[in-house]
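Architecture and fold: a report
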Amino acid sequence: MLLAIDLQSDEPIYTQICNQIIEGMAKRELLPGDKLPSVRSLGADIGINFHTVNKAYQILKQEGFIQIHRQKGVVIHPDGVAKADQLFFTKLQTKLRPLIAESIVRSVSEEEWLEISKAIFNEMKGRSVE
């Protein structure tokens, strides 16, 4: 999987790394047990400070997406990721609220919102939009 980091983006680089690894997992480009580059290797490949990569990996580890082993290196969690629970749904609602609010303020209709959401969901699942 190739990461496409936008160094000019307002989004922090560590967040871009996290999001793209999770997206790779959603698209099944990254499977349980797959190896990821070491912190130093990924930092060198992208041309960023390895502390930034380390921060992304620590977040992904804390949230259960990856495991970090001294001998095995960094791998996508071999057991997969825990299923959504009430804590996840609360987090999901918290993250969606400002996006929905901004969409309403910008006159995005509910139908448009749902269409965009469904298209992205289907893209991640590898399905064509109906």
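Reading the values: the criteria
- Residues numbered from 1 in each chain as written.
- Predicted model: local features only at pLDDT ≥ 70, side-chain atom pairs only at ≥ 80, totals over all residues.
- Heavy atoms only, no water.
- Helix = DSSP H or I, 4+ residues; strand = E, 2+ residues; numbered from the N terminus.
- Areas by Shrake-Rupley, 256 points an atom, 1.4 Å probe, with all protein chains shown as cover.
- Pairing = 2+ DSSP bridges.
- Core = buried A, V, L, I, M, F, W, Y, C linked by side-chain atoms within 4.5 Å.
- Buried < 20%, exposed > 50% of the residue type's maximum accessible area, 1.4 Å probe, protein only.
- Contact = heavy atoms within 4.5 Å.
- Phe/Tyr/Trp six-rings, centres within 6.5 Å; stacked < 30°, edge-to-face > 60°.
- Lys NZ or Arg CZ within 6 Å of the ring centre and 35° of its normal.
- Salt bridge = Lys/Arg side-chain N within 4 Å of Asp/Glu carboxyl O.
- Patch = residues over 30% accessible without salt bridge, like charges linked within 9 Å, V, L, I, M, F, W, Y side chains within 5 Å.
- Lys, Arg positive; Asp, Glu negative; His and termini not counted.
- Charge placed at Lys NZ, Arg CZ, Asp CG, Glu CD.

1. Brief notes about the overall build of the chain
Counting its secondary structure elements, the chain contains five helices and three strands. Starting at the N terminus, the α and β elements of the chain follow one another as α-β-α-α-β-β-α-α. A principal-axis box enclosing the C-alpha atoms of the chain has dimensions of 50 × 35 × 30 Å. A total accessible area of about 9600 Å² is found for the chain, and carbon and sulfur atoms account for 54% of it.

2. Some words on the sheet that holds strand 3 (residues 73–76)
Through backbone hydrogen bonds, the strands of a sheet pair up, either in parallel or in antiparallel fashion. Across the sheet, which stays open at both edges, the three strands sit in the order 1-3-2 with antiparallel pairing between neighbours. Looking at the sheet topology across the chains shown, the edges are occupied by strand 1 (35–36) and strand 2 (66–69). Strand direction decides the pairing type here: strand 2 and strand 3, joined by four bridges, are antiparallel. Paired with Ile66 across the bridge in strand 3 is Ile76.

3. Considerations on the pairing of strand 3
Residues in a regular strand project their side chains so that they alternate between the two faces of the sheet. In this sheet, strand 3 lies alongside strand 1 in antiparallel orientation, the contact comprising two bridges. If you follow Leu36 over to strand 3, its bridge partner there is Val74. In this antiparallel pair of consecutive strands, strand 2 and strand 3, the connection spans three residues.

4. As for the nonpolar core
Counting residues in hydrophobic clusters, the biggest one holds 19 residues, and the most contacted among them are Ile17, Ile21, Leu36, Tyr57 and Ile66. Looking at this core, the elements that each hand over two or more residues are helix 1 (13–26), helix 2 (39–46), helix 3 (50–62) and strand 3. With residues up to four places along the chain from it excluded, the contact list for Ile17 reads Leu3, Ile5, Leu42, Ile48, Val53 and Ala56.

5. Here we look at the packing of aromatic side chains
Under the counting rule described, the total for this entry stands at one aromatic pair. Judged by centre distance (5.9 Å) and plane angle (65°), the ring pair of Phe88 and Phe89 falls under edge-to-face. Look at Phe89 and you get partly exposed, because its relative accessible area is 41%. The ring of Phe50 has Arg40 lying over it, and the distance from NZ or CZ to the ring centre is 4.1 Å.

6. Remarks on the pattern of salt bridges
Under the criterion given, the structure shown has four salt bridges. Between Arg106 and Glu102 there is a salt bridge; the shortest N-O distance is 2.8 Å. On the basis of relative accessibility, which here comes to 60%, the residue Arg106 falls in the exposed class. We classify Glu102 as partly exposed; its relative accessible area is 40%. Through salt bridges with shared partners, a single network forms among Glu23, Lys27 and Glu123.

7. What to know about a negative patch on the surface
A surface patch of negative charge is lined by Glu110, Glu111, Glu112 and Glu115. The residue Glu111 is located in helix 5 (residues 110–125) in this model. Accessibility expressed as a relative area gives 57% for Glu111, which makes it exposed.

8. A word on a nonpolar patch on the surface
A contiguous nonpolar surface patch, about 590 Å² in accessible area, is contributed by Phe88, Phe89, Leu92, Leu96, Leu99, Ile100 and Ile104. Looking at where Leu96 falls in the secondary structure, it is placed in helix 4 (residues 86–105).

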